[in-house]
Amino acid sequence: EIVAKLMKRTPPPPPINPMALSAPNSVEDLLAAAVDEVSVVSVVDISSDFFLGSAEELCDAALIIAGPYIKTLIDEGVTDAKEQFCQAWSQTLDSEGAHTEKGYFVNDNIAQLMTVVKARQEL
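Residues numbered from 1 in each chain as written. Predicted model: local features only at pLDDT ≥ 70, side-chain atom pairs only at ≥ 80, totals over all residues. Heavy atoms only, no water.

Bringing the state of the cysteines into the picture now. Following the criterion strictly, the structure yields one disulfide and no others. Shown here is the disulfide that connects Cys59 with Cys86, its sulfur atoms set 1.6 Å apart. Between Cys59 and Cys86 the sulfur-sulfur dihedral comes to about -40 degrees; the bridge is accordingly left-handed. Taken together, the residues span a long stretch of sequence, with Cys59 in helix H3 (residues 55-75) and Cys86 in helix H4 (residues 81-95) at a distance of 27 residues. Summarising the burial analysis for this pair, Cys59 and Cys86 share the class buried. (Disulfide = S-S within 2.5 Å. Helix = DSSP H or I, 4+ residues; strand = E, 2+ residues; numbered from the N terminus. Buried < 20%, exposed > 50% of the residue type's maximum accessible area, 1.4 Å probe, protein only.)

With that out of the way, let us pick up H3. For H3, built from 21 residues, the straight-helix expectation of 30 Å at 1.5 Å per residue is missed by more than 12%, its first-to-last C-alpha distance being only 24 Å. Largest kink in H3: about 75 degrees, centred on Ile65, with the proline Pro68 one to four residues after it. Those residues of H3 that fall on the buried side of the exposure criterion are Leu58, Cys59, Ala62, Leu63, Ala66, Gly67, Tyr69, Ile70 and Leu73. On the buried face of H3, the contacting elements are helix H1 (2-7), strand S1 (38-53), H4 and strand S3 (103-118). One or two residues past the end of H3 sits Gly77, with phi positive at roughly 105 degrees. (Expected span 1.5 Å × (residues − 1). Bend = angle between axes of the 7 residues up to and from the residue. Contact = heavy atoms within 4.5 Å.)

Let us now look at the nonpolar core. Core analysis: the largest hydrophobic core is formed by 14 residues, its most contacted members being Val3, Leu6, Leu63, Ala66, Ile70, Leu73 and Phe85. Breaking this core down by element, the ones donating at least two residues are H1, H3 and H4. At seven residues, H3 tops the list of elements feeding residues into this core. For Leu73, the contacting residues outside a window of four places in its chain are Leu6, Met7, Val78 and Ala81. Ranked by size, the runner-up nonpolar core spans five residues in total, among them Leu52, Leu93, Ala98 and Tyr104. (Core = buried A, V, L, I, M, F, W, Y, C linked by side-chain atoms within 4.5 Å.)

This is the structure we're talking about:
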């Protein structure tokens, strides 16, 4: 949303999106497609606060996804695109209560740990 506002248009999907597997059942769907190749041994959900660091570290992490769009904006003449993005991103997290005196956090981050094994072929 922040990138779209800065670009004044909807950006294309990122070429590498680390959030692609965060959609409900995305990993399960991939495993179902590979049912003959792997099997799930165990599934454990864990919840914890995820420390993102200082405002600068927070921005650097977000640029993993937003960086190509910010570069496009800079190439188009928006020379302070990175600063605008970083400020908007930190303000968004501030408004969501994700900022403390220690830095920025994602509260109640939920991760799913799956143990899978590769199917064995009979010799």
